[in-house]
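Observations on chain architecture
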Amino acid sequence: MSSDANKSPSASQKTRFWHDPAKRAILFQSLLVIAVLGFVGMIVQNTLHNLESRGITTGFAFLSQEAGFGIIQSLIDYSESSSYGRTFFVGLLNTLLVSVLGIIAATLLGFIMGIARLSNNWLISKVASAYVEIFRNIPLLIQIFFWYFAVLRALPSPRQSLEPIENIFINVRGLYMPEPIYGDGFGWVVAAFFIAVVAVFFISRWSKKRQDETGQRFPMLWTAAGLIIGLPLLVYWVMGSPLTWEAPVLKGFNFRGGMTIIPELAALWVALTIYTAAFIAEIVRSGIEAVSHGQTEAASALGLNRGKVLRLVVVPQAVRVIIPPLTSQYLNLIKNSSLATAIGYPDLVSVFAGTTLNQTGQAIEVIFMTMLVYLTLSLLVSAFMNWFNTRMALVER
Amino acid sequence: MSMTHQVEDKLMVEMRGVNKWYGQFHVLKDVNLEVKKGERIVICGPSGSGKSTTIRCINRLEEHQKGDIIVDGTTLNNDLKNIETIRREVGMVFQHFNLFPHLTVLENCALAPIWVRKTPREEAEEIAMKYLRRVKIEEQALKYPGQLSGGQQQRVAIARSLCMNPQVMLFDEPTSALDPEMIKEVLDVMVELAEEGMTMLCVTHEMGFAKTVADRVIFMDKGQIIEENEPHEFFNNPQSERTKAFLSQILNH
Ligand SMILES: Nc1ncnc2c1ncn2[C@@H]1O[C@H](COP(=O)(O)OP(=O)(O)OP(=O)(O)O)[C@@H](O)[C@H]1O
Ligand SMILES: [Mg+2]
């Protein structure tokens, strides 16, 4: 009897190894890991061998060598005598600049267009659909070329600059604006701004509490706007206007002084924004449409007005549908910003994986660092959006 | 036989010559209906006959094109103020519950009192708990709708409407999306509500409910009210051929 009992499980165990999904999965995964490691090992060995035979040194020592080339836009101090390491940071910051500007503008434009597509107004919804259909169906590179060569390159020379507003000049070299020069006491204005923000934070908590307790609502939006704009303005006036503007002036063939937005940045920013916003508009539209009509009906039947139905019922549910595809649009935008190379905007790829790589020949290190940057940026954005998404997730049975 | 209860003379809902079209399609043809305070009306009829459309016109989820609808003295027109006033007084329960999945049961119930009636949150939650207790589901208050069974969800939906303290309740086939074993728990709640004197208009095929609760049964077909009578007469002595055909279908399956 005991031999019988021992026999049957061991017999079934023999067949079970192949039929047990968990064990099978472990086997296949181990095989896969071995294959991948072998493949990577082969590539590394092959590359090292090639480099050695061509006499190229490996390592990151080149980063401290002098770069010797100029960059047309830099957010940190940079000159031709700066190091290659510094070109990396200049490029990285320029990539971040255009990505952040692009994400902000594309989100705003995308939400406006997505909601406009759902408008009951025939003209508004048709304009929004036309926008989406046109801009998401033309290759991004062509759009960048369009804004750069067809629009911005067609602007007049510095001497014939357009001046739509006093001291703001637009010409083929860029957009020139007065630069603020902060005088004594401007710090107080900044402080007033932050005090206003903190005050708004506490007032809004208080007003929420008061609504919970008494049901009365407080005009929070107006109070917040008044405080955040009004308080700094008041302090500014009390301190005797401690802010002057240095206007750009035409000297020779170009403008000096003031702030400049170079046409490469403007073209890339506009193109990335308009292109990505077309996709975001579709995401927003389908997200709002994904909230069933029954939700709107139930909320309206309770007496909530249109605005509150949207704010309290539709948007909180739509956001959950919108976030995952929105995340991938943000990632696309960051990666697409590398098309900067095509018009010479000095982003990471153009400056570092372009000029620096060409001059130093350190392909492996440069490409590795560049890929690492995009990978890190993408993972950071994904992590943030995932965190946001799990916070919003619906509880199901 | 219907239960004895108080029906007042005051008119809660009045539909006079109401007509509605979907494009070319004439959905409602001269619908006339008067519902007194405390009255319980059951509307039945074949699919597509315009039952849902009729009651959805009462709180303006659908717009009628001709005729008058007056609810508790307020005339429905394009004035948003009137529409909102009427919606505050008229509760509605849907076939598919339509609870808000991102809010807990308690928040579902307290939402409208807080944002429409401007009730303090604590008080609104007390009201919500009171009605959740009445539909016997108070122990689920902190769960999300997705965690409840269909019957429980529908009871929450009824409680959610009651929190606005409505004068009239509209039910659009409240039990037809439910598994048979859950129908009773919802009907029990509705019967209880009727006993408390709520003015009710129910679209339903639950003839047992109609027989015990309704003051009047209305039969609709092809956008018209064909016949209306008190339940005993309606079921035992139907007048029109169409009513007879419908009743034989629905009672014999
Ligand atoms: N939005 C709409 N557009 C066009 N036709 C519609 C629309 N809504 C309903 N209808 C039509 O109006 C008619 C009446 O619909 P209604 O929903 O009022 O019927 P019902 O009596 O409630 O039917 P059921 O028992 O199936 O719920 C149906 O023929 C339906 O196809
Ligand atoms: Mg219906």
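Cut-offs applied
- Residue numbers restart at each chain and count upward from 1, following the sequence in its written direction.
- Chains and ligands are labelled by the order in which they are written, letters from A for the one and numbers from 1 for the other.
- At least 70 in pLDDT is required for a residue's local features to be given in this predicted model, at least 80 for side-chain atom pairs to be given and counted, and no such filter applies to totals for whole chains, interfaces and linings, which use all residues.
- Only heavy atoms go into the side-chain values, all of them from the structure, while hydrogens and water stay out.
- Here a helix means four or more residues in a row that DSSP labels H or I, a strand means two or more in a row labelled E, and each is numbered from the N terminus.
- Put simply, the radius of gyration uses C-alpha atoms, and a globule should come to 2.2 Å times the residue count raised to 0.38.
- Throughout, exposure labels follow a simple rule: accessible area from a 1.4 Å probe, protein chains only, divided by the maximum for the residue type, with under 20% read as buried, over 50% as exposed, and the rest as partly exposed.
- Contacts are assigned to residue pairs that have any heavy atoms within 4.5 Å of one another.
- Here, Shrake-Rupley sampling with a 1.4 Å probe gives the accessible areas, and only protein chains in the shown set may cover a residue.
- The sign given to each residue is positive for Lys and Arg and negative for Asp and Glu; His and the chain ends receive no count.
- Every charge is mapped onto a representative atom, which is NZ of Lys, CZ of Arg, CG of Asp or CD of Glu.
- Multiplying one less than the number of residues by 1.5 Å gives the expected span of a helix.
- Salt bridge criterion: a side-chain nitrogen from Lys or Arg within 4 Å of a carboxyl oxygen from Asp or Glu.
- In this document the domain limits rely on a domain assignment from an automatic tool or a database.
- At least two DSSP bridges between two strands are needed for those strands to be called paired.
- Note on geometry: axes are C-alpha line fits, over the in-contact stretch for helices, and angles between N-to-C directions span 0 to 180 degrees.
- Whenever two N or O atoms come within 3.5 Å, that pair is a polar contact, provided that in protein one can donate a hydrogen and the other can accept it, and provided that, for residues adjacent in sequence, both atoms are side-chain atoms.
- The definition of a nonpolar core used throughout is a set of buried Ala, Val, Leu, Ile, Met, Phe, Trp, Tyr and Cys residues joined through side-chain atoms within 4.5 Å.
- The predictor attaches a confidence to each residue, called pLDDT, with possible values from 0 through 100.
- Think of it this way: one heavy atom of a residue within 4 Å of a molecule or strand is enough to make that residue near it.
- Here the term cavity refers to a set of points on a 1 Å grid, laid over the protein atoms alone, in which a 1.4 Å probe fits but cannot get out; the term pocket refers to an open set having protein on both sides within 12 Å along at least five of seven lines, with lining residues being those that place an atom within 4 Å of a point.
- Grid points are joined across faces, edges and corners, and a volume is the space filled by probe spheres set on the points.
- Charged means Asp, Glu, Lys or Arg here, nonpolar means Ala, Val, Leu, Ile, Met, Phe, Trp, Tyr, Cys or Pro, and polar covers whatever is left, Gly included.

1. Describing the overall build of chain B
Each helix and strand counted, chain B has 9 helices and 10 strands in total. Expected size for 253 residues packed as a compact globule is a radius of gyration near 18 Å; at 18 Å, chain B falls within 12% of this value. Principal-axis analysis of the C-alpha atoms gives chain B an extent of 55 × 45 × 35 Å. Across the 253 residues in chain B, those meeting the buried criterion constitute 57%. Of all intrachain contacts in chain B linking residues separated by at least 6 positions in sequence, the fraction that spans at least 24 positions is 68%. Of the accessible surface of chain B, which amounts to about 10800 Å², a share of 47% is contributed by carbon and sulfur atoms. Between the mean site of the 30 positive side-chain charges and the mean site of the 37 negative ones, chain B shows a separation of 3 Å.

2. Points about helix H8 (residues 263-290) of chain A
Its 28 residues place the ends of H8(A) 40 Å apart at the C-alpha level, agreeing with the 40 Å of an ideal helix rising 1.5 Å per residue. For H8(A), the tally of buried residues reaches 21 of 28 residues, placing the bulk of the element in the interior.

3. Section: the pattern of salt bridges
Tallying each qualifying case throughout the model produces 22 salt bridges over all chains. With its nearest N and O atoms 2.9 Å apart, the salt bridge here joins B:Asp221 to B:Arg242. One end of the pair, B:Asp221, is in strand E9 (residues 216-221); the other, B:Arg242, is in helix H9 (residues 241-251), and 21 residues separate them in sequence. Via salt bridges that share partners, A:Arg117, A:Glu133, A:Arg136, A:Glu282, A:Arg285 and A:Glu289 belong to a single interconnected network.

4. So, the domain arrangement of chain A
Segmentation of chain A into domains returns domain 1 (22-52) and domain 2 (86-143 + 267-392). With centres defined by C-alpha atoms, the gap from domain 1 of chain A to domain 2 of chain A works out at 35 Å.

5. Description of the sheet that holds strand E1 (residues 162-165) of chain A
All names here are of chain A. With antiparallel pairing, the 4 strands of this open sheet are ordered in space as E1-E2-E3-E8. Of all the strands in the sheet, just E1 and strand E8 (259-261) have a single pairing partner and so form its edges. The average undirected angle you get between the axes of adjacent strands in this sheet is 25°. With 3 bridges connecting them, strand E2 (residues 168-171) and strand E3 (residues 174-177) associate as antiparallel partners. When the bridges of E3 are listed, Asn171 appears paired with Gly174.

6. Looking at the interface of chain A and chain B
In this assembly, 29 residues from chain A lie in contact with 31 residues from chain B. Where chain A packs against chain B, one counts 2 salt bridges. A salt bridge links B:Arg121 to A:Asp212, with the shortest nitrogen-to-oxygen separation between them at 2.8 Å. In this structure, the connection of chain A to chain B is made through 7 residue pairs in polar contact (both at pLDDT 80 or more). The set of elements that each furnish at least two residues to the side of chain A that touches chain B consists of helix H6 (186-214), helix H9 (293-301) and helix H10 (306-336) of chain A.

7. Some words on the nonpolar core
Ranked by internal contacts, the top residues of the largest apolar core, which has 110 residues, are B:Met15 and B:Leu201. For this core, the element with the highest residue contribution is H8(A), accounting for 14 residues. Here B:Leu201 is in contact with B:Val13, B:Leu33, B:Val35, B:Ile41, B:Ile43, B:Ile55, B:Ile58, B:Val168, B:Met169, B:Leu170 and B:Phe171, once residues within four sequence places are set aside. One finds B:Cys44, B:Val93, B:Val135 and B:Leu247 within the second-largest nonpolar core, a separate group that totals 47 residues.

8. A short note on the confidence of the model for chain A
Model confidence for chain A is summarised by a mean pLDDT of 87, while 95% of its residues fall at 70 or above. Across residues 1-12 of chain A, confidence stays below pLDDT 50; counting only partners more than four residues off in sequence or on other chains, it has 0 contacts.

9. A word on the pairing of strand E6 (residues 90-93) of chain B
All names here are of chain B. Across the two faces of E6 the burial is the same, with Val90 and Met92 and Gly91 and Val93 all buried. Two elements, E6 and strand E7 (residues 168-172), share 4 bridges in a ladder whose sense is parallel. The residue of E7 that forms the bridge with Met92 is Leu170.

10. Details of the site of ligand 1
All names here are of chain B. By nearness alone, every residue bordering ligand 1 is listed as Tyr22, Phe25, Val27, Pro46, Ser47, Gly48, Ser49, Gly50, Lys51, Ser52, Thr53 and Glu173. Measuring from an oxygen atom of ligand 1, one finds a backbone N or O atom of Gly48 at 2.8 Å. Contacts to ligand 1 include Thr53, whose side-chain N or O atom sits 2.4 Å from an oxygen atom. Considered on its own, ligand 1 offers 630 Å² of accessible surface; in the complex 59% of this is hidden by protein.

11. Some details on the layout of surface pockets
Roughly 1200 Å³ of volume is contained in the largest pocket. Contributing to the lining of the largest pocket are 32 residues, with A:His293, A:Thr296, A:Arg306, A:Val309 and A:Leu310 lying nearest its centre. In this model, the second largest pocket occupies a volume close to 280 Å³. Lining the second largest pocket, in full, are A:Ser204, A:Ser207, A:Lys208, A:Gln211, A:Asp212, A:Arg217, A:Phe218, A:Met220, A:Arg311, A:Leu312, B:Trp115 and B:Arg121. Broken down by secondary-structure element, the contributors of at least two residues to the lining of the second largest pocket are H6 and H10 of chain A. In terms of residue count, the dominant contributor to the lining of the second largest pocket is H6(A) (5 residues). For the lining of the second largest pocket, the per-class residue count stands at 4 nonpolar, 3 polar and 5 charged.

12. Considerations on the side chain of A:Gln295
Here A:Gln295 is to be found in helix H9. A distance of 2.8 Å separates polar atoms of two side chains, one belonging to A:Gln295 and the other to A:Gln317. Those residues in contact with A:Gln295, other than ones at most four positions away along the chain, are A:Val313, A:Gln317, B:Asn98, B:Leu99, B:Phe100 and B:Pro101.

13. So, empty space enclosed by the protein
Any space left empty among the atoms is revealed by the rolling of a water-sized probe across them. Residues and elements named next belong to chain B. What the rule picks out here adds up to 3 cavities of 30 Å³ or more. Taken as a whole, the largest cavity holds about 60 Å³ of empty space. For the largest cavity, the full set of lining residues is Arg134, Val135, Leu162, Val189, Glu192, Leu193 and Glu196. With 3 residues, helix H6 (residues 180-195) is the single largest residue contributor to the lining of the largest cavity.

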